[in-house]
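These are the residues of each chain, in order.
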Amino acid sequence: MTATVASVHPETASARSLTIDVPGWRGNIAGQHVDVRLTAEDGYQAVRSYSLASSGPGATLQLAVDRLPDGEVSPYLVDDVLPGDQLEIRGPLGGWFVWEPSLAGSVQLIAGGSGIVPLMAMIRSRAASASTSPFRLLYSVRNPDDVFFRAELETPTPGLEVTWAYTRATPTGWPRPTGRVTGDDLSAHCFPASENPAVFVCGPTGFVEAVANALVLLGHDPARVKTERFGGA
Amino acid sequence: MAGHVDGNALAGPLSELFAFDPTTASARCASCGDTAVLARAMVYEKPHSFIVRCSACDAVLMVVLQKGDATEIDLGGLAWLRTLG
Ligand SMILES: Cc1cc2nc3c(=O)[nH]c(=O)nc-3n(C[C@H](O)[C@H](O)[C@H](O)COP(=O)(O)OP(=O)(O)OC[C@H]3O[C@@H](n4cnc5c(N)ncnc54)[C@H](O)[C@@H]3O)c2cc1C
Ligand SMILES: [Zn+2]
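Residues numbered from 1 in each chain as written. Chains lettered and ligands numbered in written order. Predicted model: local features only at pLDDT ≥ 70, side-chain atom pairs only at ≥ 80, totals over all residues. Heavy atoms only, no water.

Some remarks on the interface of chain A and chain B
Keep this limit in mind: Only heavy atoms matter for contacts: two residues are in contact if any of them lie within 4.5 Å across the pair. By definition, the buried area sums, over both parts, the 1.4 Å-probe accessible area that each loses when the two are put together. Think of a salt bridge as a Lys or Arg side-chain nitrogen and an Asp or Glu carboxyl oxygen that are within 4 Å of each other.
Taken together, the contacts link 19 residues of chain A with 17 residues of chain B. For the pairing of chain A and chain B, the buried interface totals around 1,400 Å² over both sides, and the portion due to carbon and sulfur atoms is 47%. Ranking the residues of chain A by area buried against chain B places Arg90, Trp96 and Arg229 of chain A at the top, with a combined share of 42%. Among the ionic pairs, Arg229 of chain A bridges to Asp6 of chain B, the shortest N-O distance being 3.1 Å.

Here it is, written out as structure tokens:
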């Protein structure tokens, strides 16, 4: 399918969101992704997956992409793409790492960096629906400037609690020292295993694996912990 | 080994071959017998291929090869693949 870039918006110093129009899009559920295929003038092709921050029946979608300095595709999407440009996409893809408003029960979201993107779709899907499922988000970012979707997450909709964890620099006076998310963070800020929440963990592969292992040690049922690895170490 | 992702990333490449979304199907590892949805497998991307490994024992479950516009899957490491419901 051919997507046309409608607008671009900086999210952080290294990331931006892209709003794209996709005629013929059949809608998507929160958590799904698209594969974006770029073709160079010499015919060389590169395909990468990008989660959708949007969901529902509409044909206007939102992606948000973080730039990896040595990356093949992400610098192009973050620095070069302009409104009016076209992208070749395939989707919606993935039926497992998804949340739908018809699902009852508490939902614990845990994001590292750009891993917030599919979780943002879940947050927005809940807000746009009649769902009363309580949501909590634990969002790990390098520093206070590294936050995607800041306005929406700093004033969350009722029923959503947001906890920030900074790995390199904190706002002044912040109680928690910088560092990776630990089991103590998870037990202090997440729904306990006894509540049997649905848990969605997304971000760099190392982050996802460390968090998922810590959740299981805290007693969460591995079957209730869904993971999506974005790659990297 | 270089970084890896997981079975969620197979949804696009496998959409060429399957009418359903195989990442939500249960896959049984022929080596250790572990059964898990394909989305939980470990996926190592190589030029023109994806090596899919069991998250329990690391054995190769399948290899997805992209040959131009054609997609080929070597399913040798799978005992079976079953849709849910
Ligand atoms: C299902 C799925 C959904 C995704 N959704 C998003 C999304 O919404 N937003 C987003 O920004 N990215 C997302 N990604 C990651 C994205 O697909 C690309 O991997 C990423 O943009 C890097 O591509 P690149 O071509 O720029 O880098 P490449 O040229 O592929 O890689 C450059 C170097 O960076 C390393 N690397 C690759 N990925 C990462 C990573 N995530 N973190 C750290 N190092 C890495 C590589 O090992 C390599 O050494 C998703 C991945 C998957 C599998
Ligand atoms: Zn196995």
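Right, picking up where we left off after that structure.
With respect to the sheet that holds strand β10 (residues 198-203) of chain A
Residue and element names in this part refer to chain A. Under the convention used in this document: In short, DSSP must find at least two bridges between two strands for them to pair. A run of H or I in DSSP counts as a helix once it spans at least four residues, and a run of E counts as a strand once it spans at least two, with each numbered from the N terminus. The axes are straight lines fitted to the C-alpha atoms, using for helices just the contacting stretch, and the angles between their N-to-C directions are given from 0 to 180°.
The five strands lie next to each other as β9-β8-β7-β10-β11, forming an open sheet whose pairing is parallel. The open sheet terminates on both sides in strands that have one partner only, identified here as β9 (160-166) and β11 (225-229). Mean inter-strand twist for the sheet, computed between neighbouring axes without regard to direction, equals 15°. Taken together, the five bridges between strand β7 (residues 107-112) and β10 define a ladder with parallel strand orientation.

Considerations on the site of ligand 1
What counts, and what does not: The nearness test applies per residue and asks whether one of its heavy atoms lies within 4 Å of the molecule or strand. Here a polar contact is recorded for every N or O atom pair within 3.5 Å, except that within protein the pair must consist of a potential hydrogen donor and a potential acceptor, and residues adjacent in sequence are included only if both atoms are side-chain atoms. Think of it as three bins: nonpolar holds Ala, Val, Leu, Ile, Met, Phe, Trp, Tyr, Cys and Pro, charged holds Asp, Glu, Lys and Arg, and polar takes everything else, Gly as well. Boundaries of every domain are those given by an automatic assignment or by a domain database.
Taken together, 23 residues lie around ligand 1, and Arg48, Ser49, Tyr50, Val73 and Ser74 of chain A are the ones closest in. At the site occupied by ligand 1, nearby residues are drawn from chains A and B. Between ligand 1 and Glu72 of chain A, the relevant distance is 2.9 Å, taken from an oxygen atom to a main-chain nitrogen or oxygen of the residue. Gly231 of chain A places a polar main-chain atom, nitrogen or oxygen, 3.5 Å from a nitrogen atom of ligand 1. If one sorts the elements of the shell around ligand 1 by residue count, strand β4 (residues 45-51) of chain A sits on top with four residues. Residue composition of the shell around ligand 1, by class: ten nonpolar, eight polar and five charged. Two domains each provide a minimum of three residues to the shell around ligand 1, namely domain 1 (2-93) and domain 2 (107-230) of chain A.

Some words on the coordination of the zinc ion (ligand 2)
Residue and element names in this part refer to chain B. This is how it is decided: Coordinating donors are taken to be N, O and S atoms lying within 2.8 Å of the metal, or within 3.2 Å when the metal is Na, K or Ca; because water is excluded from the atom set, some sites may appear incomplete. Key to geometry: four donors with every angle between 85 and 135 degrees are tetrahedral; four donors are square planar and six octahedral where opposite donors lie over 155 degrees apart and all remaining angles lie between 65 and 115; all other sites are irregular. Buried, partly exposed and exposed residues are distinguished by accessible area as a fraction of the type maximum, computed with a 1.4 Å probe on protein chains only: under 20%, between the cut-offs, and over 50%, respectively.
Every protein donor of the zinc ion (ligand 2) is accounted for by Cys29 (SG), Cys32 (SG), Cys54 (SG) and Cys57 (SG), and the metal-donor separations fall at 2.3 to 2.4 Å. Seen from the zinc ion (ligand 2), its four donor atoms lie at angles of 107 to 111°, and the figure they make is tetrahedral. For the zinc ion (ligand 2), the donor residues sit on a single chain with the sequence spacing C-x2-C-x21-C-x2-C. Taken together, the residues Cys29 in strand β2 (residues 26-29) and Cys57 in the loop between β5 (49-53) and β6 (60-67) connect sequence positions 28 residues apart. What makes Cys29 buried here is its relative accessible area of 3%.

Points about the sheet that holds β2 of chain B
All names here are of chain B. Taken in spatial order, the three strands make up an open sheet running β3-β2-β8, and their pairing is antiparallel. Each end of this open sheet is capped by a strand with a single partner; those strands are β3 (35-37) and β8 (78-82). Going across the sheet, the axis of each strand differs from the next one's by a mean of 20°, ignoring polarity. In this sheet, β8 lies alongside β2 in antiparallel orientation, the contact comprising four bridges. Within β8, the position partnered with Cys29 by the bridge is Leu78.

What about the packing of aromatic side chains?
Rule in force here: Centres within 6.5 Å make a pair out of two Phe, Tyr or Trp rings, where for Trp the six-membered ring is used; the pair is then stacked when the planes are under 30 degrees apart, edge-to-face when over 60, and tilted otherwise. By definition, being over a ring means that NZ of Lys or CZ of Arg is both within 6 Å of the ring centre and within 35 degrees of the ring normal.
One pass over the full model with this rule turns up six aromatic pairs over all chains. For the ring pair Tyr166 of chain A and Trp174 of chain A, a centre distance of 5.2 Å and an interplane angle of 85° mean the geometry is edge-to-face. Look at Trp174 of chain A and you get partly exposed, because its relative accessible area is 31%. The ring of Phe191 of chain A carries Arg136 of chain A above its face, with NZ or CZ at 4.2 Å from the centroid. Here Arg82 of chain B stacks its cationic end above the ring of Trp80 of chain B, 4.1 Å away from the centre of that ring.

Details of the pattern of salt bridges
Residues and elements named next belong to chain A. Tallying each qualifying case throughout the model produces 13 salt bridges over all chains. With its nearest N and O atoms 2.7 Å apart, the salt bridge here joins Asp146 to Arg142. Overall, Asp146 belongs to the buried group, its relative accessible area being 12%. Residue Arg229 is joined to Glu209 by a salt bridge in which the shortest nitrogen-to-oxygen separation is 2.7 Å. Pair noted here: Arg229 is in strand β11 and Glu209 is in helix α5 (residues 205-217), with a separation of 20 residues, a long-range link.

Concerning the domain arrangement of chain A
Interface size is commonly expressed as the accessible area that is lost once the parts come together. Residue and element names in this part refer to chain A. For chain A, the assigned domains read domain 1 (2-93) and domain 2 (107-230). Inter-centroid distance (C-alpha atoms) of domain 1 to domain 2 is 23 Å. Each partner contributes residues to the interface: domain 1 has 15 residues there, and domain 2 has 16 residues. A combined buried area of about 1,200 Å² lies between domain 1 and domain 2, and 55% of that area is made up of carbon and sulfur atoms. Broken down residue by residue, the surface that domain 1 buries against domain 2 is led by Glu11, Ser51 and Ala53, which jointly contribute 34%. Scanning the region where domain 1 abuts domain 2 turns up three residue pairs in polar contact (both at pLDDT 80 or more). Mapped by element, the contributors of at least two residues to the side of domain 1 that touches domain 2 are β1 (2-12) and β5 (60-66).

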